[in-house]
Amino acid sequence: IYLLDISNSYYELIASSNDYQMLNSINISDIEYFDFNKCFLLSDNSKNQIFELDPFNKTLNIIVNEGFSGKGCIRNPHQIISLKNQFIVFDVDNYLIQFFDSNYQWKFQIGGKGKEIHKLDMAYSGVIDKEYIYICDSNNDRIVKFDLNIKNSELFVCSKYKEGILKRPLKIAEDYNGYIYV
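Reading the values: rules and limits
Residues numbered from 1 in each chain as written. Predicted model: local features only at pLDDT ≥ 70, side-chain atom pairs only at ≥ 80, totals over all residues. Heavy atoms only, no water. Helix = DSSP H or I, 4+ residues; strand = E, 2+ residues; numbered from the N terminus. Rg over C-alpha atoms; globule rule 2.2 N^0.38 Å. Buried < 20%, exposed > 50% of the residue type's maximum accessible area, 1.4 Å probe, protein only. Contact = heavy atoms within 4.5 Å. Areas by Shrake-Rupley, 256 points an atom, 1.4 Å probe, with all protein chains shown as cover. Lys, Arg positive; Asp, Glu negative; His and termini not counted. Charge placed at Lys NZ, Arg CZ, Asp CG, Glu CD. Pairing = 2+ DSSP bridges. Axes fitted to C-alpha atoms, helices over the stretch in contact; angles between N-to-C directions. Polar contact = N/O pair within 3.5 Å; in protein donor to acceptor, adjacent residues only side chain to side chain. Patch = residues over 30% accessible without salt bridge, like charges linked within 9 Å, V, L, I, M, F, W, Y side chains within 5 Å. Salt bridge = Lys/Arg side-chain N within 4 Å of Asp/Glu carboxyl O.

Engineer: So, the overall build of the chain: which residues are in play, and what are the values?
Structural biologist: Along the chain, the regular secondary structure elements total zero helices and 17 strands. A compact globule built from 182 residues should have a C-alpha radius of gyration of about 16 Å, and the chain, at 17 Å, falls within 12% of that. Principal-axis analysis of the C-alpha atoms gives the chain an extent of 50 × 40 × 30 Å. A burial count over the chain gives 47% of its 182 residues as buried. Relative to all contacts within the chain whose residues are 6 or more apart in sequence, the contacts with residues 24 or more apart total 37%. Split by element, the accessible area of the chain, about 10,200 Å² in all, is 49% carbon and sulfur. With 19 positive and 24 negative side-chain charges, the chain shows a spacing of 8 Å between the two charge centroids.

Engineer: Can you tell me about the sheet that holds strand 9 (residues 86–91), naming the residues and giving the values?
Structural biologist: The antiparallel open sheet is built from four strands, whose spatial order is 8-9-10-11. Each having just a single partner strand, strand 8 (77–83) and strand 11 (106–111) make up the two edges of the open sheet. Going across the sheet, the axis of each strand differs from the next one's by a mean of 20°, ignoring polarity. In this sheet, strand 11 lies alongside strand 10 (residues 96–101) in antiparallel orientation, the contact comprising five bridges.

Engineer: Break down the side chain of Gln98 for me, with residues and values.
Structural biologist: Examined against the element boundaries, Gln98 turns out to sit in strand 10. Note on Gln98: relative accessible area 0%, which makes it buried. Among the polar contacts listed, one links the side chain of Gln98 to the side chain of Asp91, at a separation of 2.8 Å. Dropping the residues within four chain positions of it, Gln98 is found in contact with Gly70, Lys71, Gly72, Cys73, Ile74, Phe87, Ile88, Val89, Asp91, Trp106, Phe108 and Gln109.

Engineer: Give me the lowdown on a nonpolar patch on the surface, citing residues and values where you can.
Structural biologist: Together, Tyr2, Leu4, Ile6, Tyr11 and Leu13 make up an exposed nonpolar region whose accessible area comes to about 630 Å². In this fold, Leu4 is placed in strand 1 (residues 2–5). We classify Leu4 as exposed; its relative accessible area is 56%.

Just distances and angles here, no functional claims.
Right, here's the structure in full:
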């Protein structure tokens, strides 16, 4: 894992398998810097685990393990998003989005397989904009807007497939002007 400073054309190796032997056995599918704990969160969707890599203490620990039905257990973690003192995991094969606190304890989850507005079917990714998460609900061909304050979902973009229209959204991004791209 490298720290890149693009503005100064500088990079620094901050974690390698020389320092963390277990790092060789991790198939990193996503990486997120968890500012609250000053560490990196790594997902391995082949082992269905999430790891905490602490570059200051030189530790690598499993913090979330494989399991069905959510409630702190995951299958196919696809994206991790840090948000203040918590982090969010897009748990694709459990059809959930799970929320964890800064002590890596499970808080709550949203979703479950289905087509209803409060259900998800292969939610691969999302983006946070203020108090909302915009979720790519891929198999339902839609973007769902979830309010973090009142924990309520609403339809943001939906389509029955036809040429040139939203089909199986996998990734979403937001720019500095607040525009969302799918």
